[in-house]
Amino acid sequence: FLSFYFGQAQLIMIDSETGEYRYEEVARAEGVSSSEIQSRAKSWLTNYYTQIDSMKTDSSSVKQLNTYRFRWTLIRKAIDVELFFDVAIKTKDNRYKYDFSNFRVGKMSKGDLQSMSLKTYIERFPTDYQILIEEPIDTEMLKAIGSLNYYISNNKMETYEDDW
């Protein structure tokens, strides 16, 4: 099971068994078959993320390696980060389970991912600065989960109004 820490600088969801970062939950999709949820999940992954590796599917799940680039500032030094993670979506009639896991920081080199775990990366920095890495990741993961849930329910991407 997952726990949410409000420790010194903890924002990201932590798997209490492994200590690794993870966002995982079962969500309802009333009246939607397993095969339709899987079809929508594939479509959402294709629309939301730029594909860097082939999508893996079987009769009741879909999984894809994804990336998220962001910049954070340590004192006055801007640091660009390329975050890699897996998104797996398991389906049953009327519900699905998403699992954003295996977070790591690195680079793709000739088709191979050279990386270290996100936990190892974050722990290299002083505790007071760790939240500066966690905030953009947590914000993006929660945005992605909201988008996925909307897409599974409505079979379309959520549109946002410009508020200018």
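Residues numbered from 1 in each chain as written. Predicted model: local features only at pLDDT ≥ 70, side-chain atom pairs only at ≥ 80, totals over all residues. Heavy atoms only, no water.

Some thoughts on the confidence of the model for the protein
- On average, residues of the protein score 89 in pLDDT, and 92% of them reach the 70 mark or higher.
- No element of the protein has a lower mean pLDDT than strand β1 (residues 2-3), which averages 42, and none a higher one than strand β6 (residues 77-92), which averages 97. (pLDDT = per-residue confidence, 0-100. Helix = DSSP H or I, 4+ residues; strand = E, 2+ residues; numbered from the N terminus.)

Some thoughts on the environment of R28
- Note on placement: R28 falls in strand β3 (residues 23-28).
- Residue class for R28 comes out exposed when judged on its relative accessible area of 51%.
- Separated by 38 residues in sequence, R28 and N66 have C-alpha atoms that sit 24 Å apart.
- Beyond its immediate stretch of four places on either side in the chain, R28 contacts N94, R95 and Y96.
- Within the structure, R28 has its side chain in polar contact with the side chain of E30 (distance 2.7 Å). (Buried < 20%, exposed > 50% of the residue type's maximum accessible area, 1.4 Å probe, protein only. Contact = heavy atoms within 4.5 Å. Polar contact = N/O pair within 3.5 Å; in protein donor to acceptor, adjacent residues only side chain to side chain.)

Some remarks on helix α1 (residues 34-48)
- The first and last C-alpha atoms of α1 sit 21 Å apart over 15 residues, in line with the 21 Å expected at 1.5 Å per residue.
- Elements that come into contact with the buried residues of α1 comprise β4 (56-58), β5 (61-74), β6, β7 (95-109) and α3 (127-154). (Expected span 1.5 Å × (residues − 1).)

Thoughts on the packing of aromatic side chains
- Counting across every chain of the model gives 11 aromatic pairs.
- Between Y121 and F125, the aromatic rings sit 5.3 Å apart at their centres with planes inclined by 65°, giving edge-to-face as the arrangement. Both residues of the pair, Y121 and F125, belong to the buried class.
- Within the aromatic cluster, the residues linked to one another by ring pairs are Y23, W44, Y48, Y49, F85, Y98, F100 and F103. (Phe/Tyr/Trp six-rings, centres within 6.5 Å; stacked < 30°, edge-to-face > 60°.)

What to know about α3
- Taking 1.5 Å of rise per residue, the 28 residues of α3 would be expected to cover 40 Å, and the 41 Å separating its terminal C-alpha atoms lies within 8% of that figure.
- A maximum bend of about 30° is found in α3 at E134, where proline P136 lies one to four positions downstream.
- Just downstream of α3, N155 is the residue with a positive phi angle, here 55°. (Bend = angle between axes of the 7 residues up to and from the residue.)

Description of the nonpolar core
- Ranked by internal contacts, the top residues of the largest apolar core, which has 40 residues, are L83, F100, L118 and Y121.
- Ranked by residue count, the leading element in this core is α3, at eight residues.
- Not counting chain neighbours up to four residues away, the residues in contact with Y121 comprise W72, I79, V81, V105, M116 and I133. (Core = buried A, V, L, I, M, F, W, Y, C linked by side-chain atoms within 4.5 Å.)

Concerning the side chain of E140
- The residue E140 is located in helix α3 in this model.
- When residues no more than four places from it in sequence are discounted, the contact partners of E140 are Y48 and Y68.

What about the packing of α1 against α3?
- As a packed pair, α1 and α3 sit with axes 9 Å apart at the nearest point and diverge in direction by 135°. One finds that α1 runs oblique with respect to α3. As for the relative orientation of α1 and α3, their crossing is right-handed in sense. Contacts between α1 and α3 involve I37, R40, A41, S43, W44, N47 and Y48 from the former and E140, K143, A144, S147, L148, Y151, I152, S153 and N154 from the latter.
- Here the residues of the contact of α1 with α3 sort into eight nonpolar, five polar and three charged. (Axes fitted to C-alpha atoms, helices over the stretch in contact; angles between N-to-C directions. Parallel < 35°, antiparallel > 145°, perpendicular 65-115°, else oblique. Left-handed = near helix turned anticlockwise from the far one by under 90°. Nonpolar A, V, L, I, M, F, W, Y, C, P; charged D, E, K, R; others polar.)

Thoughts on the pairing of strand β8 (residues 112-117)
- Relative to β8, β7 is paired through six bridges, and the arrangement is antiparallel. Bridge pairing in β8 links K107 to Q114.
- Between β7 and the antiparallel strand that follows it, β8, lie two residues; K110 among them carries a positive phi value of about 55°. (Pairing = 2+ DSSP bridges.)

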